[in-house]
Each structure stands twice: as structure tokens, then as C-alpha cells.
Amino acid sequence: MLEELVMPLRPAARVAPFTESVIREMTRLALRHDAVNLAQGFPDFPAPDAIKEAACRAIREDVNQYAVTWGTPALRQAIAAKYRRHYDIDLDPDTEITVVCGSTEGMIASLLGVADPGAEIVIFEPWYENYGPDAHLSGATRRFVRLHPPEWRFDPEELRRAFTPKTRAIIVNSPHNPTGKVFSQEELGQIAALCQEHDAVCLTDEIYEHILYDGRQHHPMLTIPGMRERTILVNSMSKTYSVTGWRVGWVIAPPELTPAIRKVHDFLTVGAAAPLQQAGVLALSLPDSYYSELAHHYSERREYLLTVLDECRIPALRPAGAYYILCDISGLGLGTDLEVCRHLIESIGVAAVPGSSFFVHPEDGARFIRFCFCKRYETLKAAGARLSRLALS
Ligand code: GLN
């Protein structure tokens, strides 16, 4: 009797192995404690006017109903044009491009579409927290390969050992969250060689492709010889156009894999917001100067936050791309990452992300915390003023 009453309240076993997002929890805590939120990576400044206007125009023009499940043709054509312009790659919008609800959906729809339960997925550690639940929900097993600070290089032999006959895919995120590492062409080549040797797929999360510093270049994995037919590229409008709440992303995959990804996408979401897809067409046609200005904008904020952290005597690792800074808090004498983040939110008034949320064993991330700098100067300045109390205490 008691069992009957309790059964409906029991969650499915598939959700047991993972927690809710720590990054998003930090945002809720920041709101509760009125802390400056340098935790979750989203801009607090407006998106470009032209993009906002295009979205409003689309709604006024009654683009209010479902778009084609895998993306409005104009947006898929604009995505193909973008890759032709930036990387000299020819994509077929009908067979290789799927518009999804942000890269979060793109990544999990891709994994559900191509990885069988029991398959192995290679992931670089530290990793962006979504890849853990993604693997659990698709039934895949993760095999980790460590990135070593300060350059966050991997050991090619360790990478080779991580590939087994069960390996179905490797996830590569470059520029990388949380470290800011930009994988070199040589490193991409090593990964590509192993994918080809083991007949594995490479899932690449390229959401920070335009946020690169010190003259670095982005090289999509699918431009590496032999990788076009085994790469699934995930990207979105979120970071490049400062519209993280719009949830418009895309997946580029070989024609043989695209139908599987589209099926998952269709039944999970039907499609991304139609008027916002329309605005995406305009966003993707912005001139090259938009992208160089974006990189410059973030490069200045990177310097600013690095200076603030230096003044507060918080040792920071300089990122090569993306908009996060990992700090080594082991010498501060304030405890573990979780203890420091709690102290920062509750007593100092600044939210950061505990490093342990990027590692499988929490103790491996206990000496790191992550700040983001995709914020207005006023926000970074306010965070700096509060963090300076840390240096005094
Ligand atoms: N990518 C961002 C981060 O790492 C935000 C993630 C999210 O909440 N979707 O902070």
C-alpha cells in the first residue's frame, strides 16, 4: 500500500547520476544574496540593435508559427554562407545543417542520435558541465583525458589510451570552457588521427569560435583532412551575438548522421523559435568587422578582470579564448572551491563557479574557481571593489 503511494513520486533512474547545473545554481544564489554574478557566462549588456530589430520585425510580420523542424531554409542557407565565407567550406543546407534550440540541445541531440548505450565517449577534463549529463542520458560511458595547466595541454599517449574498440565519439570544445584553451592545429590533428584509426566521431562544441585573443585563429575540426565525414559541429548564436536566452543554435553533421540528429531534435523540441531564426539570418550576415570588434571587446575585458584579480592577489590563469578565467585559490587559505565560492557569494558579494563542477572527482577541481568577464565594465568594476575586500581580509 505504502509502496503504491510512493511509486509515482520516484524519479526515473536515468536522472539519478547527475545533479542540476552548478553554474545555473550559482546564478540563483547570486540573486538571493544580491551578489555580482561572474558565475554563469551570459552578457549583461544589450545585443546588437540590428539583430533585436530583425527579431521584432519578424514577429510584426507574423513569423509566429513553427518553422521547418530542422530550421527555416533562410537560416540554414545563412549558416552555409557563413562557413563558406569564414572557412571556405561548402555545406549542403538540406542534408548537413540542423537548426536546434541552442548548442545545449545540439550536443545532447547529437549524442542521442549517434551513441548507443554502452558506447564510450572521450572527454577532456576539466570539461563544460553539460557533457556529464549528456553522456548519462545517452547511456554512454565517459573516458577522461586530463588537460594540464597552465597551457592545458594533453598527453598524446593518455589520449591514445582513452580510445578503445568501444569508443564512439570524442567531445572537443575549442575555445574551451572553463580553461580558455584554444586547441592548436597540431593537437586537432592528433585527435583527428585517433578518430580515423578507431572509426570514431568527433563532436565539436565551437560556441566560442569568435572569442579568441592575441591573434589566435579558430580551426573547425571539419577542416582537418579526413574529418569532414566524421565531425559533428555544434554552435549557436548565444555567445557570438550576445543572445544566450534566444536558444538558437545549429548542428553540422555528415548527410548520413543528420537524419538521426534531426529525429531526436524533432521529438524533443519540434524546433527553435521561428522569429528568432529569422533574426539569425541577419546576424550571420554581419560584416567581418563585427567579429573582430567582438574579440577586441572581450580582450579588453579579459585584461581588466586579470588586473582586478592581480590586485586582489587571486592567482589567475590567462585564457587564450572564450570569456572565463580560472583562478587557483589553493594559496588563499580560504578552503576548497566550494568554501571559497560560498564565502564570495555570502560575505564578499561576488559569484563564481566552483572548479569541482568541471571535474569527475571534486578534489581535482577543489583548487580552482571560475569567473566570467562577459559583463559591462560597471559590473566588473563593482565585482572588483567587492573582491578587494578579500585582499584586505
Ligand atoms: N556556458 C555558460 C557557462 O559556462 C552558461 C551555461 C548555461 O547556463 N547554459 O557559464
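Scroll up a little and you will see the structure.
Residues numbered from 1 in each chain as written. Predicted model: local features only at pLDDT ≥ 70, side-chain atom pairs only at ≥ 80, totals over all residues. Heavy atoms only, no water.

Caption draft 1: Structural context of the environment of Val-145. In this structure, Val-145 sits in strand E4 (residues 141-146). Sequence separation between Val-145 and Arg-370 is 225 residues; the distance between their C-alpha atoms is 20 Å. Setting aside residues up to four positions removed in sequence, Val-145 forms contacts with Val-122, Ile-123, Phe-124, Glu-125, Phe-154, Glu-158, Leu-159 and Ala-162. (Helix = DSSP H or I, 4+ residues; strand = E, 2+ residues; numbered from the N terminus. Contact = heavy atoms within 4.5 Å.)

Caption draft 2: Spatial organisation of the pattern of salt bridges. Within the structure shown, the criterion is met by 21 salt bridges. With a closest N to O distance of 3.0 Å, Glu-125 and Arg-146 form a salt bridge. Here Glu-125 is found in strand E3 (residues 120-125), whereas its partner Arg-146 is found in strand E4, with 21 residues between them in sequence. The class for Arg-146 is partly exposed, based on a relative accessible area of 25%. Salt bridges sharing partners connect three or more residues here, namely Asp-214, Arg-216, Arg-302, Glu-303 and Arg-318. (Salt bridge = Lys/Arg side-chain N within 4 Å of Asp/Glu carboxyl O. Buried < 20%, exposed > 50% of the residue type's maximum accessible area, 1.4 Å probe, protein only.)

Caption draft 3: Representation of the site of the ligand. Taken together, Ile-23, Arg-24, Gln-40, Gly-41, Tyr-128, Asn-177, Tyr-208, Lys-239, Tyr-324 and Arg-370 make up the full set of residues near the ligand. Interatomic distance of 3.0 Å between a side-chain N/O atom of Lys-239 and a nitrogen atom of the ligand. The protein chains hide 88% of the 290 Å² of surface that the ligand would expose on its own. Split by residue class, the shell around the ligand holds four nonpolar, three polar and three charged. (Near = heavy atom within 4 Å. Polar contact = N/O pair within 3.5 Å; in protein donor to acceptor, adjacent residues only side chain to side chain. Areas by Shrake-Rupley, 256 points an atom, 1.4 Å probe, with all protein chains shown as cover. Nonpolar A, V, L, I, M, F, W, Y, C, P; charged D, E, K, R; others polar.)

Caption draft 4: Spatial organisation of helix H9 (residues 258-269). Here H9 is 12 residues long and its end C-alpha atoms lie 16 Å apart, about the 16 Å a rise of 1.5 Å per residue gives. Every buried residue of H9 is accounted for by Thr-258, Ile-261, Arg-262, Val-264 and His-265. Looking straight down H9, one finds that the buried residues subtend no more than 165° of arc, so they occupy a single side. Residues of H9 that are exposed and angled more than 90 degrees away from the buried face: Lys-263 and Phe-267. On the buried face of H9, the contacting elements are helix H4 (73-87), strand E2 (97-100), helix H5 (102-114), strand E7 (231-236) and strand E8 (249-252). (Expected span 1.5 Å × (residues − 1). Arc of directions from axis to C-beta.)

The quantities given are spatial measurements derived from coordinates; they are silent on function.
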